[in-house]
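Per-entry structural report
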Amino acid sequence: MIRHLLKLVWNRKRANALIVAEIFISFLVVFAVLTGAVTLITGWRQPLGFSYGDVWDVRMEFDFDANEKAPPELLATVARMLDEARGLPQVAAAGISTTPAYSFSTSEGTRGINGREVTMLFDDVDDGFAEVMKLQVLSGRWFSKEDDAAQYRPVVLDRNAAEAIYGSTDVIGRTFEENEETTCKVVGVVAPYRKDGEASLPMNMVFRRIAPDGSYGRLGNHILLRLHPGTPADFEPELVARLQKVAPAMSFRVRHMDQMRGNFLRTRFSPIVLGGVVGMFLIAMVTLGLTGVLWQTVTRRTREIGLRRALGASGIGVRRQILLEVALLATIALVAGSAIILQLPILGVFTLVTPAAFVTGFAAALATIYALTVVCGLYPSWLASRLEPADALRYE
Amino acid sequence: MISLQNINKTYRTDRVETLALQNINLDVAPGEFVSIMGPSGCGKSTLLNLIGLLDAPSDGKLALDGSEVQKWNDTKLASFRNEKLGFVFQSFHLVPDLKVIDNVEIPLLYRRTNGTPRQTLARNALDRVGLASRVHHFPTQLSGGQQQRVAIARAIVGRPRILLADEPTGNLDSAMGEEIMDILHDLNRKDGTTIVMVTHDERFARRTDRIVRLFDGRQVA
Amino acid sequence: MLANYIKTALKVLRRRKFFTFISLFGISFTLVVLMVAVAMLDNVFSPRQPESRFDHVLGVHTVGLYGPHFGMTTNPGYGFINQYVRGLKDVENMSLFTTSSPLTMYHEGRKIDTHLRRTDGAYWQILDFKFLEGGPFTEEDNRNANFVAVITDEMRRTLFNGQSALGRTIELDGQRFRVIGVVPAVAITRNVGFSEVWAPVGTLKTREHEKRMIGDFGAIVLARSPRDFAAIRREFKERLANFVFEDPKNFDRVEAGLDTPFELVARNMIGNQYQGNRVLVLQAILVLMALLFVTLPTMNLVSINLSRILERASEIGVRKAFGASSVTLIGQFVVENVVLTLIGGAIGFVLSVLALSAVARLEIVPFAVFDVNLRIFGYGVLLSAAFGIISGVYPAWRMSRMQPVNALRGGVL
């Protein structure tokens, strides 16, 4: 039967080529949409590695050239601001970050370490950062005064980074060259830190210490504060007034991290959701179109179908034949599509999605396309199976 | 009017070459009413399609109205069909999406006749076949005989010199068939239209001026 | 003839309801997506208030510094602009301003997120804000560091319940400003025009910025005519050739350009290295994206059209038999398809107006008003006609090549 159908499909190759091409592209679209959806959903449920509730972000605007060391006055001012904040009864902890979670700024770099190319996210932070963000230290320790006299620049890796750089989590005390001038020494490992929160792609996080005396590390311009739960929002003007008094020349903006999160996630997800909606519409359109085309094929082939029935095919048989034909077309398209999709890992798709999401998306896309093409064939095949042989043959 | 010399027509499929017409010689004078007869598959319709320029002969000479047609391009063929030829088919071939009057207007459309004269001409043609009252029906709302009469109206609306009819009575019962034949004879006699008709029916064939008989692609009489 | 084609087209469409529905669904959906994209691009790139004169304006918004180890691209500093952009020949007017920085203000116990941009006096001459009340500050205000501000009507609504704001005081960034003008809100996509509060550059808290080569500033120059762009750019390039590097060990190459808004986006997306081809590359990317998106709908429509045409094979045979040439038939089917797409386009147009207002409500792009103007309507008509022709020509061509005999038999394409 299959071989017979193959012949049929081949003989009508011109008419079928377009349908196959359509299914092929639809498959790619469905794959993209589903893999994206799986990535988003699994990403949403994983632990963040930090806690954003009750955290406020004070963004300071200060002015020194990007490649300069921070001027000592500025360092002193920021230190006084931190002391001022810590002295307030509402504040539980205070720290500095350069690219905080849910902010749109990132610092990313690829370094060749131990013969492998590792892409890392950096954040330059101070000793107070871990307490504010409630990072979970897995081994070693967080930065502290002990590091003041360190010979190498101290860094804390998250578990992903440790595995990516050393292939193990037993990394305390090991070093790597961050660039020609700087060597880093690992003092601790924390649980995977997902800087972009629920929207994070798989990444390797490296925290670099900012030395209190400015001898290494660029001063970050975010002061992060953890407040005691239940602190009212009208503490904010008071806080700003206190900070402004310490640093009259500076400009501030205060945001609550849960608001930053909402804003960030909306901005990140809007295009993805929009793309998904567009993709779904595309698929709906193709489904309808395919139904129409198959319907038309059935009416056009009424004679052939009548002949088959006259030669002894049952209604069910005719129906099954048409569905099989559609499934065959889908298979051709899916084989071609799979050949392309299976190239993606080589092109580095796994920096965007996890292998699990990739496989799930792939399988789900296969199933969806088969299901859709069969659904497209159902009504036309039902029409065909209902034809009386005599009518079918007479049909002109 | 119509002149065929040594016409051959072969169809090529993947492997097999079928000879549909073999060495056909036929002359039809202006105003003549000729019928072509023969068993199924003998090439009657192929012959008619060649004369109607719907298909091209494999070799041989075909002249219509005094001019050789082999070298004509698509546009020239189209305009000749439009102005000089009229067709009536066994299965009517009316456009189901168009009303009777719109179906009849089709040939005039390609002649770029304006709206009002076009309507008048179409109505006259319908009047001639006795269907003036069915102008705004759709083809599916008519009986077989009526549909064929619409088809004839469409064939004659452009006043063609030659009318080609492929088993015009084939799908009709004999009473309706008679009606159609009466209309064709009327056209032949009053307008001097040259008619070539393919038919199965000996009775109708005998009413024409001449019978050409085909067998397996060859002319036998 | 055309009228007749259209008449036939409408009849066919009415009688083949399912096919008509599928086609219209595909067409209108496709056009909604394209129109929304076009409306957004139009919103970003076309000169419109307060940037109406921006077809005469070039801007310096990024400076790239490169060295043996690293490179960076940021906004230019005040010093850079003063030294290398101010005083170019062929320039009618020139303005410098800070980027609009997000700030929080506290007003009567409420927290209000807003944006502040500090500008000079010329800013108000080059941009054509329509003042709802009061007026702009002047270059003299700027020089004297007068604490005056212009706000948007949105801010007026939030701060003063929509009552007159003139003479009222706002506290922002630890400073107090007197409101002297109110302008309509500007879309955040407007690189130069956007802000919510404007104050003189002179009111900056320190004078640190004055010597900086990179920083948080931008500049625009107004040319007498776009024809002068080339000359202005040439002179700017010559000046940059003599750029003084403060730190030649780390940075020895500088890149900056006088850009139109479109060129700026191209520069930010594609980077500095492509030089003159950037605009072409961005255009190519946009066109390619549109083509990629349109592939599936086109294929869908083509296969539906082929089906519809097959169904009408005998009609085609008849028409050929009665004297229609291939060209005429192609014409007829293309017209039919264009009629179909125009109907789909009309539906799509209505839907895109709804979609755009939904986008505006979702505030994905703050303060953007996606008005559907005549130009966008024109784009819509153009897009649908093009789509109709593309998806109609191939099936029509296939059909017209059909032998009349085959067609009459209901033949195979």
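Scroll up to find the structure.
Residues numbered from 1 in each chain as written. Chains lettered and ligands numbered in written order. Predicted model: local features only at pLDDT ≥ 70, side-chain atom pairs only at ≥ 80, totals over all residues.

**A look at the overall build of chain B**
- Within chain B, the secondary structure is distributed over seven helices and ten strands.
- Computed over the C-alpha atoms, the radius of gyration of chain B is 17 Å, within 12% of the 17 Å expected from 2.2 N^0.38 for a compact globule of 221 residues.
- Referenced to the eigenvectors of the C-alpha coordinate spread, the extents of chain B come out at roughly 50 × 40 × 40 Å.
- Taking all 221 residues of chain B together, the buried fraction comes to 48%.
- A separation threshold of at least 6 residues defines the contact pool for chain B, and within that pool the share at least 24 residues apart is 71%. (Helix = DSSP H or I, 4+ residues; strand = E, 2+ residues; numbered from the N terminus. Rg over C-alpha atoms; globule rule 2.2 N^0.38 Å. Buried ≥ 20, exposed ≤ 12 C-beta atoms within 10 Å, placed from the backbone. Contact = placed C-beta atoms within 7 Å.)

**Details of the overall build of chain A**
- From N to C terminus, chain A includes eleven helices and eleven strands.
- Rg of the C-alpha trace for chain A: 31 Å, well past the compact-globule value of 21 Å for 396 residues, more than 25% over.
- Across its three principal directions, the C-alpha atoms of chain A cover 95 × 50 × 35 Å.
- Counting all 396 residues of chain A, 38% fall into the buried class.
- The contacts in chain A between residues at least 6 apart in sequence include a share of 83% that link residues at least 24 apart.

**Concerning the pairing of strand β6 (residues 153-158) of chain A**
Residue and element names in this part refer to chain A.
- In terms of residue burial, β6 counts as a mostly covered element, since six of its six residues are buried.
- Of the two faces of β6, the one carrying Arg153, Val155 and Leu157 and the one carrying Pro154, Val156 and Asp158 are both buried.
- Where β6 lies against strand β8 (residues 183-190), six bridges are found, and the strand directions are parallel. Residue pairing across strands places Leu157 opposite Val189, the latter belonging to β8.
- As paired elements, β6 and strand β9 (residues 205-209) share three bridges and run antiparallel to each other. (Pairing = 2+ DSSP bridges.)

**Concerning the sheet that holds strand β2 (residues 91-97) of chain A**
All names here are of chain A.
- Ordered in space as β2-β10-β1-β11, the four strands form an open sheet in which the pairing is antiparallel. Each end of this open sheet is capped by a strand with a single partner; those strands are β2 and β11 (251-256). Sheet twist, expressed as the average angle between the axes of neighbouring strands with direction ignored, equals 20°.
- Alignment of strand β1 (residues 55-61) against β11, held across six bridges, turns out to be antiparallel. Looking at the pairing, Arg59 lines up with Arg253 of β11.
- Across the sheet, helix α3 (residues 72-87) is in contact with β2 and β10 (222-227); its angle to β2 comes to roughly 160°.
- Relative to β11, helix α7 (residues 257-300) is tilted by about 80°, and along the sheet it contacts β1 and β11. (Axes fitted to C-alpha atoms, helices over the stretch in contact; angles between N-to-C directions.)

**Observations concerning the interface of chain C and chain A**
- Counting residues at the interface gives 39 residues for chain C and 33 residues for chain A.
- Secondary structure elements with two or more residues in the side of chain C that touches chain A: α2 (17-45), β3 (71-76), β5 (101-107), β12 (214-215) and α9 (278-311) of chain C.
- In terms of residue count, the dominant contributor to the side of chain C that touches chain A is α9 of chain C (eleven residues).

**With respect to the environment of Glu140 of chain C**
- Along the chain, Glu140 of chain C falls in helix α5 (residues 139-143).
- Here the alpha-carbon distance between Glu140 of chain C and Ala37 of chain C, two residues 103 residues apart in the chain, equals 43 Å.

**Focus on the environment of Ala396 of chain C**
Residue and element names in this part refer to chain C.
- Tracing the backbone shows Ala396 in helix α12 (residues 374-400).
- For Ala396, a count of 25 C-beta atoms within 10 Å translates into the label buried.
- C-alpha separation for the pair Ala396 and Ala386, spaced ten residues apart in sequence, amounts to 15 Å.
- Contact partners of Ala396, with chain neighbours within four places excluded, come to Leu329, Ile330, Phe333 and Val334.

**Brief notes about unusual backbone geometry**
- A cis amide bond, omega 0°, links Gln49 of chain C with the succeeding residue Pro50 of chain C.
- Mapping Pro50 of chain C onto the fold places it in the loop between α2 and β1 (57-60).

**Here we look at the environment of Arg226 of chain A**
Residues and elements named next belong to chain A.
- Relative to the elements of secondary structure, Arg226 occurs in strand β10.
- A sequence separation of 147 residues divides Arg226 from Thr373, and the C-alpha atoms of the two residues are 55 Å apart.
- Excluding its chain neighbours within four sequence positions, the residues that come into contact with Arg226 are Asp54, Val55, Ala92, Ala93 and Val132.

**Things to note about the packing of α2 of chain C against α12 of chain C**
Residues and elements named next belong to chain C.
- Axis separation between α2 and α12 bottoms out at 10 Å; the angle between their running directions is 140°. Classified by the angle between their axes, α2 and α12 sit oblique to one another. In the packing of α2 onto α12, the handedness of the crossing is right-handed. Together, Ile27, Thr30, Leu31, Leu34, Met35, Val38, Ala39 and Asp42 of α2 and Arg375, Ile376, Tyr379, Gly380, Leu383, Ser384 and Phe387 of α12 make up the contact between the two elements.
- Of the residues contributing to the contact of α2 with α12, the split by class is ten nonpolar, three polar and two charged. (Parallel < 35°, antiparallel > 145°, perpendicular 65-115°, else oblique. Left-handed = near helix turned anticlockwise from the far one by under 90°. Nonpolar A, V, L, I, M, F, W, Y, C, P; charged D, E, K, R; others polar.)

**Description of helix α4 (residues 115-128) of chain B**
All names here are of chain B.
- The first and last C-alpha atoms of α4 sit 20 Å apart over 14 residues, in line with the 20 Å expected at 1.5 Å per residue.
- Those residues of α4 that fall on the buried side of the exposure criterion are Arg118, Leu121, Ala122, Ala125 and Leu126. Viewed along the axis of α4, the buried residues span an arc of 135°, placing them on a single side of the element. For α4, the exposed residues lying more than 90 degrees away from the buried face are Thr116, Pro117 and Thr120.
- Packed against the buried residues of α4 are α3 (100-109) and α5 (144-156). (Expected span 1.5 Å × (residues − 1). Arc of directions from axis to C-beta.)

**Concerning α3 of chain A**
Residues and elements named next belong to chain A.
- For α3, spanning 16 residues, the distance from its first C-alpha to its last is 22 Å, which sits close to the expected 22 Å at 1.5 Å a residue.
- Taken residue by residue, α3 has Val78, Met81, Leu82 and Ala85 as its buried positions. For α3, the buried positions fall inside an angular range of 100° around the axis, keeping them on one side. Exposed side chains of α3 directed beyond 90 degrees from the buried face belong to Pro72, Glu73, Ala76, Asp83 and Gly87.

**Things to note about the sheet that holds strand β6 (residues 85-88) of chain B**
- With mixed pairing, the six strands of this open sheet are ordered in space as β6-β7-β8-β3-β9-β10 (chain B). Taken across any chain shown, the strands that pair with only one partner, and hence form the sheet edges, are β6 and β10 (218-219) of chain B.

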